[in-house]
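Fold and geometry: a report
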Amino acid sequence: MVAYETWGRLNAARDNAVLICHALTGDAHVVGPAGPGQLTSGWWDGLIGTGRYVDPADWYVVAANVLGGCQGTTGPSSTAPDGNHWGSRFPAITIRDQVAAEAALATQLNIDRWAAVIGGSMGGMRALEWPLLHPQRVNTAIVLASTGYASAEQIAWCSPQLAAIESDPTWNQGDYYDTNNAPTTGLGIARRIAHVTYRSEYELATRFGRNPQGDGRFAIESYLDHHAGKLAKRFDPGSYVTLTRAMNTHDIGRDRGGLTNALQGLQSRLVVAAVDSDRLYPSRLSTELIDASNDAGPLHLIKSPYGHDGFLIELDQVGALITETLNSR
């Protein structure tokens, strides 16, 4: 099963479809308020809408919850054919498997070719894999704050996150769904670790500094605790583990003769943007994509003090790039 949302309509020529690929803890709800079955408002509010950067009057926009997720698409928390949760039986998946699920959805929606596939972070990994797996089905791939492969440092940052969840006493090898006791403590620790990598040292220093709070915590500790609690209320630890491991295996050069060889034969237009303060997916990794591709064009640099999350926060810069790219197809 694949859960998805759409905005706009597919035109008669069927050439105005745009796919939005979410990051690790995102979902299909790109824009809009919270509501039944949707605990939070859109994770990229302001991007899609009348008069916005991607206008549904012009584009048929699709966003799907990723395979392995926990917002409607099949994942570890889903019910298996035997009536029990998949849990530890859910198979290891890759970014390519996630794209395969999205491709099946595109076929069901009668979409032969995407005008653009857009994604940042883990979504950028899928945006890169789409034209490599389905060269005839993608006109343009817009890759934001992402990479052609998981680097050693990225895998290293993921390691303590996975350890935190899997060391939680309630983890039960991933089979905790019928115990009414999910490993949310471990998930919260994982989120605290991850969130530090999502923001820049400059922002943390200038926004929080060493300021203490009345409860004995530093302000930065309170901030991380807040984000840990928010995620624990809406996200499944099993999905976090499954998707993190999928990201760790990401490598567009695998079985293709390396990254350069993979991109040399790219038939789709490639647009790449990096955040100048991103310490998790530094701009050098985006530059590698540009250098390896024959006609990717210049690297677009998003200027932001916020770090990796800048691709979501700096909506005017990112939105303008997306609009320009869509209008120049």
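The rules behind these values
Residues numbered from 1 in each chain as written. Predicted model: local features only at pLDDT ≥ 70, side-chain atom pairs only at ≥ 80, totals over all residues. Heavy atoms only, no water. UniProt positions renumbered as here; feature names shortened; annotations may be inferred. Helix = DSSP H or I, 4+ residues; strand = E, 2+ residues; numbered from the N terminus. Buried < 20%, exposed > 50% of the residue type's maximum accessible area, 1.4 Å probe, protein only. Contact = heavy atoms within 4.5 Å. Areas by Shrake-Rupley, 256 points an atom, 1.4 Å probe, with all protein chains shown as cover. Lys, Arg positive; Asp, Glu negative; His and termini not counted. Charge placed at Lys NZ, Arg CZ, Asp CG, Glu CD. Polar contact = N/O pair within 3.5 Å; in protein donor to acceptor, adjacent residues only side chain to side chain.

Identification of the protein as Homoserine O-acetyltransferase from Kribbella koreensis is taken from an unreviewed UniProt entry. In its Subcellular location (unreviewed entry) section, the UniProt record describing the protein reads: "Cytoplasm". UniProt lists a comment for the protein under the heading Function (unreviewed entry), and it reads "Transfers an acetyl group from acetyl-CoA to L-homoserine, forming acetyl-L-homoserine."

Looking now at the overall build of the protein. Assigned secondary structure in the protein consists of eleven helices and seven strands. For the protein, the spread of C-alpha atoms along the three principal axes comes to 55 × 50 × 45 Å. Looking at the protein as a whole, 54% of its 329 residues qualify as buried. For the protein, long-range pairs separated by at least 24 residues make up 72% of all intrachain contacts whose partners lie at least 6 apart in sequence. For the protein, the exposed area adds up to about 14000 Å²; of that, 51% sits on carbon and sulfur atoms. Put simply, the protein has 25 plus and 33 minus side-chain charges, and the middle of one group is 1 Å from the middle of the other.

A separate point is the side chain of Ser200. As for its position among the elements, Ser200 is in the loop between α4 (184–198) and α5 (201–207). Note on Ser200: relative accessible area 5%, which makes it buried. A polar atom in the side chain of Ser200 sits 3.0 Å from the backbone nitrogen of Glu203. Setting aside chain neighbours within four positions, we find Ser200 in contact with Ser277, Arg279, Pro305, Tyr306 and Gly307.

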